[in-house]
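Below, each chain spelled out in residue letters.
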Amino acid sequence: MNHPAVRDIGYTAVHEVFQDPWLGSVKTLDIYTWIDNFLLLMLGGIPWQAYFQRVLSSSSAMYAQVLSFLAAFGCLVMALPAILIGAIGASTAWNETEYGMVDPKKKDEADMILPIVLQYLCPVYISFFGLGAVSAAVMSSADSSILSASSMFARNIYQLSFRQSASDKEIVWVMRITIFLFGASATAMALLAQSVYGLWYLSSDLVYIIIFPQLLCVLFIKGTNTYGAIAGYLFGLLLRITGGEPYLHLQPLIFYPGWYKDDDLYVQRFPFKTLAMLTSFFTNVGVSYLAKYLFESGTLPPRLDFLDAVVAKYSKENMDKTTLVKNDNIVLNELAPVNPRHSLTLSSTFTNKEAFSDIDSSPEVSIAEDH
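Fair warning: this is a prediction, and the values are worked out from it, not measured in the lab. (Residues numbered from 1 in each chain as written. Predicted model: local features only at pLDDT ≥ 70, side-chain atom pairs only at ≥ 80, totals over all residues. Heavy atoms only, no water.)

1. As for the side chain of Asn284
Locating Asn284 in the fold gives a position in helix H10 (residues 272-296). Setting aside anything within four residues of it in sequence, one finds Asn284 in contact with Gln214, Cys217, Thr224, Asn225, Gly228, Ala229 and Gly232. (Helix = DSSP H or I, 4+ residues; strand = E, 2+ residues; numbered from the N terminus. Contact = heavy atoms within 4.5 Å.)

And the structure:
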């Protein structure tokens, strides 16, 4: 900010100097797009693995809640340096620096404004350590993301959904293959995307549309199952892809109300991403309960439940007590003693808390304990 080529960022925020005011404005026609993107960045950031790793590693639920709220304010604070660097880049007379006569925006290098500012507007030692820190952070995030994505695919999708009997060696090979595939996909996205923000935006986009509805169903809707999750995943992904993506130069197949053409690309004003998310959510719920009804009512035979999502062979909810005893899953002499006058049913005997609480309230509990 003290560089001679940099003008007052407060003045350039609302006045045109080297380019349009960097503060910007929201057009009336773009309000729905802004709302769509706001919901995407807000709700799409919830199911990130980096967040849940820290939540699940917390010592208590209260600590996880406090950590989450503090992190929310921390994100706001950490956004300030990025805003300042962008404002400095928009307030600089680049022809007065070693960068050149044309500013980064006109050279389509606005996405590189951070390393450009560090290199041309800061002392040499700041540039050295700053660019080194940025490079280290990018490489660290990249390898950890690819490794975590590969491990989650190998464990949560390949092994749990398709190959429950897979050996450790097989899982390792699946991880190696998926690391290569995910690395190639990430490289392709990096080459096709126009900005780093665009890549982050696309990541939140997919998480918002595909994973966020799944998270809601897992936490708050008890009847959802694998069939609904797969259907919701496919429908959400289909609607997202057919809506197009200017960052990847992907033309839309479905034109929603309010679309317009910018150069050779079609841009959607309709909040189709939120529509895709809601479609994924309701498809998950609808297909789950439909599958549950069809299997439990006998309309579909149990052998068609190939994912073991409804009529699970080893599910406790569907095991009768006779099968449990015959299979030696429960030893009769280890059962909790039951007071006859409470008229406890056999099902309550197998319920941990309810059965024991009834026994503890009995005046004969001391006799049962002695026995």
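That covers the picture; the talk isn't over yet.
2. Some thoughts on the confidence of the model for the protein
With 82% of its residues at a pLDDT of 70 or more, the protein has an overall mean of 80. Overall, residues 316-336 carries pLDDT values under 50, and its contacts beyond four positions in sequence, including any with other chains, amount to 18 contacts. Across residues 338-371, confidence stays below pLDDT 50; counting only partners more than four residues off in sequence or on other chains, it has 22 contacts. (pLDDT = per-residue confidence, 0-100.)

3. A look at the environment of Glu96
Structurally, Glu96 can be placed in the loop between helix H4 (61-90) and helix H5 (113-120). Taking the relative accessible area as the measure of exposure, Glu96 reaches 46% and is therefore partly exposed. As a C-alpha pair, Glu96 and Pro4 span 92 residues in sequence and 8.4 Å in three-dimensional space. In this structure, Glu96 is in contact with Pro4, Ala5 and Arg7, ignoring residues within four places of it in sequence. (Buried < 20%, exposed > 50% of the residue type's maximum accessible area, 1.4 Å probe, protein only.)

4. Regarding the nonpolar core
Core analysis: the biggest nonpolar cluster contains twelve residues, these being Leu40, Leu43, Tyr201, Tyr208, Ile209, Ile210, Phe212, Leu239, Tyr256, Phe272, Ala276 and Met277. When contributions to this core are tallied by element, the ones reaching two or more residues are helix H2 (31-43), helix H8 (196-220) and H10. With five residues, the single largest contributor to this core is H8. Apart from the residues lying within four places of it in its own chain, the contact partners of Tyr256 are Leu239, Gly243, Gln268, Phe270, Phe272 and Leu275. Counting ten residues, the second-largest nonpolar core is a separate cluster that includes Val6, Ile9, Ile88 and Ile116. (Core = buried A, V, L, I, M, F, W, Y, C linked by side-chain atoms within 4.5 Å.)

5. Considering the packing of H2 against H10
Geometry of a packed helix pair, given as the angle between the helix axes and the separation of the axes. Close contact between H2 and H10 brings their axes to 8 Å; oriented N to C, the two are set at 50 degrees. Compared by their axis directions, H2 and H10 come out oblique. Of the residues in H10, those touching H2 at Asp36, Asn37, Leu39 and Leu40 are Phe272, Lys273 and Thr274. (Axes fitted to C-alpha atoms, helices over the stretch in contact; angles between N-to-C directions. Parallel < 35°, antiparallel > 145°, perpendicular 65-115°, else oblique.)

6. Considerations on the side chain of Ser91
Here Ser91 shows up in the loop between H4 and H5. By relative accessible area, Ser91 is classed as buried at 0%. From its side chain, Ser91 meets the backbone oxygen of Ala87 in a polar contact 2.7 Å long. If we ignore the near neighbours within four places in the chain, the residues touching Ser91 are Ala5, Val6, Arg7, Ile9, Thr12, Phe18 and Trp22. (Polar contact = N/O pair within 3.5 Å; in protein donor to acceptor, adjacent residues only side chain to side chain.)

7. Brief notes about the pattern of salt bridges
Summed over all chains, the structure comprises five salt bridges. We note a salt bridge from Asp205 to Arg240, for which the minimum N-O separation is 2.7 Å. Here Asp205 is found in helix H8, whereas its partner Arg240 is found in helix H9 (residues 226-242), with 35 residues between them in sequence. Residue Asp205 shares its accessibility class with Arg240, and that shared class is buried. Residues Arg240 and Glu245 are paired through a salt bridge, measuring 2.3 Å at the closest nitrogen-oxygen approach. Pair check on accessibility: Arg240 and Glu245 agree, each one buried. Within the structure, one salt-bridge network assembled from shared partners comprises Asp205, Arg240 and Glu245. (Salt bridge = Lys/Arg side-chain N within 4 Å of Asp/Glu carboxyl O.)

8. Considering H5
Listed as buried for H5 are Ile113, Ile116, Val117 and Leu118. Buried positions along H5 lie against H4 and helix H6 (124-162).

9. Side note on H2
The end-to-end C-alpha distance of H2 is 18 Å, a good match for the 18 Å that 13 residues give at a rise of 1.5 Å each. Taken together, the buried positions of H2 are occupied by Asp36, Asn37, Leu40 and Leu43. Projected onto a plane normal to the axis of H2, the buried residues spread over an arc of 155 degrees and lie on a single side. Turned more than 90 degrees off the buried face of H2, the exposed positions are Trp34 and Phe38. (Expected span 1.5 Å × (residues − 1). Arc of directions from axis to C-beta.)

10. Let's talk about the packing of aromatic side chains
For any pair of aromatic rings, geometry is given as the distance between the ring centres together with the angle between the planes. This model, assessed by the stated rule, comprises 13 aromatic pairs. Summarising the aromatic geometry, the rings of Tyr256 and Phe272 are spaced 5.6 Å apart at their centres and angled 15 degrees between planes, so their arrangement reads as stacked. Remark: Phe272 occurs in helix H10 and Tyr256 occurs in the loop between H9 and strand E1 (260-262); sequence separation between them is 16 residues. The pair Tyr256 / Phe272 is uniform in exposure class, with both members buried. These aromatic residues form a ring-pair network of at least three members: Trp94, Tyr99 and Tyr120. Cation over ring: Lys107 sits above Tyr99, and NZ or CZ is 4.5 Å from the ring centre. (Phe/Tyr/Trp six-rings, centres within 6.5 Å; stacked < 30°, edge-to-face > 60°. Lys NZ or Arg CZ within 6 Å of the ring centre and 35° of its normal.)

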